[in-house]
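# Structural features, examined
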Amino acid sequence: MDIQAHQFIAFFEAEQAQQLCEIATLVEFSDRAIIFEEGEIPDFLYLVLNGQVLFRKRITDQHYQVVARAIPDDFFGEFGILDGQPRSAQALVCEGATLAKIPRRVLVEILNNTRSSAILKLFRYVIQRLRVTTEDYVRQIAHKDKMVLVGEMVNTIIHDLKSPLSGIQLASGMVKEMHIDEETVEWCDLIQIQAHRMTAMAEELLEFARGSAALEKRPIVLADLFRRFEKLNRIYLSQENIALKIDCPDDLVINADENKLMRVIQNLVVNAVEAFNSHEGRIEITALQQGDRVKIRLQDNGPGIPCEIRETFFESFVTHGKKSGTGLGTAIAKSVIDAHRGEIYFETADGVGTTFFISLPL
Ligand SMILES: Nc1ncnc2c1ncn2[C@@H]1O[C@H](COP(=O)(O)OP(=O)(O)OP(=O)(O)O)[C@@H](O)[C@H]1O
Ligand SMILES: [Mg+2]
């Protein structure tokens, strides 16, 4: 956009507006450029003409939290200009931006000679922004509290689950030793694997709540992972009347965390099954290599993802139409794919179905 059309300039009378346009310098910033750091003494007001700027507060040495963002027609840095206090956050360019910067000294002079209507408009803007930031902040705190609760809850669950689960493992191990026919051994193995999965699942949930999903990557044959998935879910899927078709080349090897990848597929498939709501359905998983990436497609012919949650789909606690949904399944799936430096997105249509696309580096 043009500086003349910017809302900040429009706050002022013609003469001052022109003065501001003349003293403003246009600067092009590249992606990830830092405009100012937290704690710096303010010297300019910035008008965003193109692109996007993120404001981040430092949480730890390497960790920042985005607290706000500015897009074209927004301006920032006005707090420092008005009260002279150090910058409260770092301003970082996201994918390039064009800004007009106005020096503090000149701006303060112009403001001193400005009619109250301009000041009032500026004041209104500042208050409105404060309100948005406060709401955002409250939302983030509430979210964090929920995650802490999930963590505590899972901790208790893991603790309480451990002894009955080891009982199940022990008992199935004994049955296996007493009845060595092939079929019994196979069922007992399945019981033991599932019991082990339950503890692993609870532990993964705990990691997710703590935000510390460390990966245990090793080369895995993707087709083997799908075969294992099919075996573990055969009974569940047939009880739910779901036909599962998997198509994956046998020689596709990927460096990934097998259990976590399994969790992603599990969460997405369970969601699809639940969406069928006891009706017959079909789920198709295909995987193939494309250059140095693996593309996995998971398609169902269910009702489609409800419109209300499409925008926020991968966020924690977004759930819809389930009695006991926690809304963590897809958030966990996304965190796992992100940790692998992969991508996940979906296409969905009412009454036609949903397709998830996952792309992972080999
Ligand atoms: N394949 C799908 N088809 C239709 N709706 C879906 C599909 N997958 C997810 N959804 C919708 O998205 C919501 C969010 O899914 P998510 O897995 O994150 O949470 P949840 O299933 O509600 O709870 P949780 O997985 O934590 O038990 C679901 O409640 C459901 O309404
Ligand atoms: Mg789910």
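Quick notes on the rules
Residues numbered from 1 in each chain as written. Chains lettered and ligands numbered in written order. Predicted model: local features only at pLDDT ≥ 70, side-chain atom pairs only at ≥ 80, totals over all residues. Heavy atoms only, no water. Patch = residues over 30% accessible without salt bridge, like charges linked within 9 Å, V, L, I, M, F, W, Y side chains within 5 Å. Areas by Shrake-Rupley, 256 points an atom, 1.4 Å probe, with all protein chains shown as cover. Salt bridge = Lys/Arg side-chain N within 4 Å of Asp/Glu carboxyl O. Lys, Arg positive; Asp, Glu negative; His and termini not counted. Charge placed at Lys NZ, Arg CZ, Asp CG, Glu CD. Buried < 20%, exposed > 50% of the residue type's maximum accessible area, 1.4 Å probe, protein only. Pairing = 2+ DSSP bridges. Helix = DSSP H or I, 4+ residues; strand = E, 2+ residues; numbered from the N terminus. Axes fitted to C-alpha atoms, helices over the stretch in contact; angles between N-to-C directions. Polar contact = N/O pair within 3.5 Å; in protein donor to acceptor, adjacent residues only side chain to side chain. Contact = heavy atoms within 4.5 Å. Domains from an automatic or database assignment. Buried area = accessible area lost by both parts, 1.4 Å probe. Core = buried A, V, L, I, M, F, W, Y, C linked by side-chain atoms within 4.5 Å. Phe/Tyr/Trp six-rings, centres within 6.5 Å; stacked < 30°, edge-to-face > 60°. Lys NZ or Arg CZ within 6 Å of the ring centre and 35° of its normal.

### What about a negative patch on the surface?
- A grouping of Asp181, Glu182, Glu183 and Glu186 is seen on the molecular surface, where their side chains present a negatively charged patch.
- The class for glutamate 182 is exposed, based on a relative accessible area of 70%.

### Examining the sheet that holds strand β13 (residues 353-361)
- Pairing in this open sheet of five strands is mixed, and the strands run β8-β10-β11-β13-β12 from one edge to the other. The open sheet has two edge strands, β8 (242-247) and β12 (343-349), and neither has a second partner. Taking the axes of each pair of neighbouring strands and ignoring which way they run, one obtains an average angle of 10° across the sheet.
- Note that β12 and β13 share seven bridges and pair antiparallel. When the sheet's bridge partners are listed, alanine 349 is paired in β13 with glycine 353.

### Observations concerning the side chain of threonine 354
- Residue position: threonine 354 is located in strand β13.
- At 3.0 Å, the side chain of threonine 354 forms a polar contact with the side chain of threonine 348.
- Sequence-distant contacts of threonine 354, that is, excluding residues within four places in its chain, are made with Leu298, Gln299, Asp300, Gly304, Ile305, Phe346, Glu347 and Thr348.

### Focus: the domain arrangement of the protein
- Parsing the protein into structural domains produces domain 1 (3-114), domain 2 (142-210) and domain 3 (218-361).
- Computed over C-alpha atoms, the centres of domain 2 and domain 3 are 22 Å apart.
- Together, the buried faces of domain 2 and domain 3 total about 1,300 Å²; carbon and sulfur atoms form 67% of this surface.
- Sorting the residues of domain 2 by area buried against domain 3 places Arg197, Glu204 and Phe208 first, and these three jointly supply 41% of that buried surface.

### What about the pattern of salt bridges?
- Counted by the stated rule, this structure contains 13 salt bridges.
- Residues arginine 218 and glutamate 258 are paired through a salt bridge, measuring 2.5 Å at the closest nitrogen-oxygen approach. Remark: glutamate 258 occurs in helix α8 (residues 258-276) and arginine 218 occurs in strand β7 (residues 218-221); sequence separation between them is 40 residues.
- Ionic pairing is found between lysine 322 and glutamate 274, a salt bridge with its closest N-O pair at 2.5 Å.

### With respect to the nonpolar core
- Leu222, Phe226, Val269, Ile283, Ile285, Ile296 and Phe356 are the most contacted members of the largest nonpolar core, which has 54 residues in total.
- Per element, the largest residue contribution to this core is nine residues, and it comes from α8.
- For this core, the domains that each give at least three residues are domain 2 (142-210) and domain 3 (218-361).
- Setting aside chain neighbours within four positions, we find leucine 222 in contact with Cys248, Leu252, Ile254, Leu261, Ala287, Val294 and Ile296.
- Leu20, Ala100, Val106 and Ile110 belong to the second-largest nonpolar core, a separate cluster that totals 23 residues.

### So, unusual backbone geometry
- In this structure, arginine 32 takes a positive phi of about 70° despite not being glycine.
- Structurally, arginine 32 is set in the loop between β1 (25-29) and β2 (34-36).
- Judged by its relative accessible area of 47%, arginine 32 is partly exposed.
- Of note, aspartate 73 is a non-glycine position whose phi angle comes to about 85°, a positive value.

### Remarks on the packing of aromatic side chains
- Taken as a whole and judged by the stated rule, the model has 16 aromatic pairs.
- Note on phenylalanine 36 and tyrosine 46: the rings are 5.9 Å apart at their centroids and 45° apart in plane angle, and the pair reads as tilted. Taken together, the residues span a long stretch of sequence, with phenylalanine 36 in strand β2 and tyrosine 46 in strand β3 (residues 44-58) at a distance of 10 residues.
- Judged by relative accessible area, which is 4%, tyrosine 46 ranks as buried.
- Here the aromatic rings of phenylalanine 314 and phenylalanine 346 are separated by 6.0 Å at their centres, their planes lie at 55°, and the arrangement is tilted. In this pair, phenylalanine 314 is assigned in the loop between β11 (293-300) and α9 (329-339) and phenylalanine 346 in strand β12, connecting sequence segments 32 residues apart.
- The exposure class of phenylalanine 314 is buried, given its relative accessible area of 18%.
- Owing to a relative accessible area of 18%, phenylalanine 346 belongs among the buried residues under this scheme.
- Seen from the ring of phenylalanine 44, lysine 101 lies directly overhead, with NZ or CZ sitting 4.1 Å from the centre.

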